[in-house]
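Structural overview
Single-letter residue listing:
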Amino acid sequence: MNCAVILLLTSSCFTWSSAIYTPNRAGTLKYLLEPPVFAEVVGHRGGNVTLPCILRTKPSHYKVKWTKLEPEHVGRENIIMISNSHAFKQYGRLGPRAALRKAHTMDASLQLRGLELEDGGTYRCELVNGIEDESVAISLRIEGVVFPYQSKNGRYRFTFQEAKDVCAEQDGILASYSQLYRAWTEGLDWCNAGWLDDGTVHYPIIESRPACGGEMLPGIRSYGPKDKKVDQFDAFCFTSQTSGSVSYISGSFSFEQAEHACQRQGAALALVGQLYSAWRFQKYDQCDGGWLRDGSVRFPISNPRERCGGLPEAGVRSFGFPNRMKHLYGAYCYR
Ligand SMILES: *[C@@H]1O[C@H](CO)[C@@H](O)[C@H](O)[C@H]1NC(C)=O
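**Focus: the sheet that holds strand β8 (residues 121-128)**
- Read from one edge to the other, the open sheet built from six strands follows the order β1-β9-β8-β3-β4-β5, with strand pairing classed as mixed. What marks the edges here is a single partner per strand, and that holds for β1 (40-43) and β5 (88-90). Strand-to-strand twist across the sheet, computed as the mean angle between neighbouring axes with direction ignored, equals 25 degrees.
- Note that strand β4 (residues 77-83) and β5 share three bridges and pair antiparallel.

**Remarks on the sheet that holds strand β2 (residues 49-51)**
- One open sheet accounts for three strands, arranged β2-β7-β6; its pairing is antiparallel. A single partner strand is all that each edge strand has here, and the edge strands are β2 and β6 (98-100). Direction aside, the axes of adjacent strands within the sheet are offset by 30 degrees on average.

**Let's talk about the pattern of salt bridges**
- All chains considered together, the criterion is met by 17 salt bridges.
- A salt bridge links R101 to D107; the nearest nitrogen and oxygen atoms lie 2.7 Å apart.
- Judged by its relative accessible area of 6%, D107 is buried.
- Residue E126 pairs with R124 through a salt bridge whose shortest N-O separation is 3.5 Å.

**Side note on helix α5 (residues 272-281)**
- In terms of burial, α5 is a largely internal element, eight of the 10 residues being buried.
- Looking at α5, one finds that the buried residues are V272, G273, Q274, L275, Y276, S277, A278 and W279.
- Those residues of α5 hidden inside the fold are in contact with β10 (145-149), β15 (234-239), β16 (246-253), β19 (297-301), β20 (315-318) and β21 (329-334).
- Count one or two residues on from α5 and you reach K283, which has phi positive near 50 degrees.

**Remarks on the state of the cysteines**
- Taken as a whole and assessed by the stated rule, the structure comprises five disulfides.
- With its sulfur 2.1 Å from that of its partner, C167 forms a disulfide with C237. Judged by the sign of its S-S torsion, about -80 degrees, the cystine formed by C167 and C237 is left-handed. Here C237 lies in strand β15 and C167 lies in helix α2 (residues 160-169), a separation of 70 residues in the sequence. Take C167 and C237: they sit in the same class, and that class is buried.

**Considering the domain arrangement of the protein**
- On domain assignment, one finds that the protein holds domain 1 (40-142), domain 2 (147-240) and domain 3 (246-334).
- The partner domain 3 presents 11 residues to the 12 residues of domain 2 that form the contact.
- Between domain 2 and domain 3, a total of about 910 Å² is buried, with carbon and sulfur atoms accounting for 60% of that surface.
- Summed over the shared surface of domain 2 and domain 3, the result is one salt bridge.
- Across the pair R280 and E186 runs a salt bridge whose closest N-O atoms are separated by 3.4 Å.
- Element by element, the count of residues in the side of domain 2 that touches domain 3 is highest for β10, at three residues.
- Taken together, the residues of the side of domain 2 that touches domain 3 break down into three nonpolar, five polar and four charged.

Criteria and cut-off values
- Residues numbered from 1 in each chain as written.
- Predicted model: local features only at pLDDT ≥ 70, side-chain atom pairs only at ≥ 80, totals over all residues.
- Heavy atoms only, no water.
- Pairing = 2+ DSSP bridges.
- Helix = DSSP H or I, 4+ residues; strand = E, 2+ residues; numbered from the N terminus.
- Axes fitted to C-alpha atoms, helices over the stretch in contact; angles between N-to-C directions.
- Salt bridge = Lys/Arg side-chain N within 4 Å of Asp/Glu carboxyl O.
- Buried < 20%, exposed > 50% of the residue type's maximum accessible area, 1.4 Å probe, protein only.
- Contact = heavy atoms within 4.5 Å.
- Disulfide = S-S within 2.5 Å.
- Domains from an automatic or database assignment.
- Buried area = accessible area lost by both parts, 1.4 Å probe.
- Nonpolar A, V, L, I, M, F, W, Y, C, P; charged D, E, K, R; others polar.

So this is what it looks like as structure tokens:
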């Protein structure tokens, strides 16, 4: 069997899978172990994971097709790999980082290495034999942190594309609804609405209050889908572990002096996402405002105390975007 034959099969797979795929009920599958060993696998940026898919019995001829589902584009199929017992072929953005584990003859599990923020989501392992195709779904959750981001020009200044861009500039991506939901359960309360990656607009409220949607129950408040080209909101960004680290240089610096202070240490002013990542994953705690690369001044608090911002919850506090020359702060550097 060579790759040309596999490719041929690919084009016909498109029609079959979209027509036949229905959600599985536990125990009804003949060929695939269902539910899969783990329905959810957790990884972090830069890490490796294995998405389990185990055969119970083998049909005489079959292929295994791995895809990533895209909730925003229903019907679009993101193929990662198609394999039979002799050969495999990788596809798309994920293909080059994917391999089959093949721990034993019934193992069709997918290994993904060098995880990126965008890799989170639902994957499908599909056994294709042309007669009774079967599939199981496995979700990959990237461990991370959600942070709200507001323009230096004030509240609600980003179109959808601009929100995407600012998240990328701060070492993140636009968060998904499930990432925001999880952040809310972990304590995120934010009274400004922001874009999510599916083009909807939401904000998470833990303490109901009149200024933030009134006395409705706590939860994720929804504005629903908005016009991506016209409507403007803040952004909810998502980031994960970084390979470098954040440090604080104390001093009374203008923005430019803070930049130089970091450069002298072979570093650069930290991005907002990098500070959130250090706060979340290294429990970074520093009770001093410092410049970040976007011109904002913030500080991370892991052990809330009265003299550090006064709020009872842990979090990254912001002084907004002070005047870059007149106001003096320390510097948060990233290396
Ligand atoms: C991920 O796997 C690659 C090889 O596939 C290996 O070189 C690397 O060390 C692994 N990374 C981690 C974090 O385990």
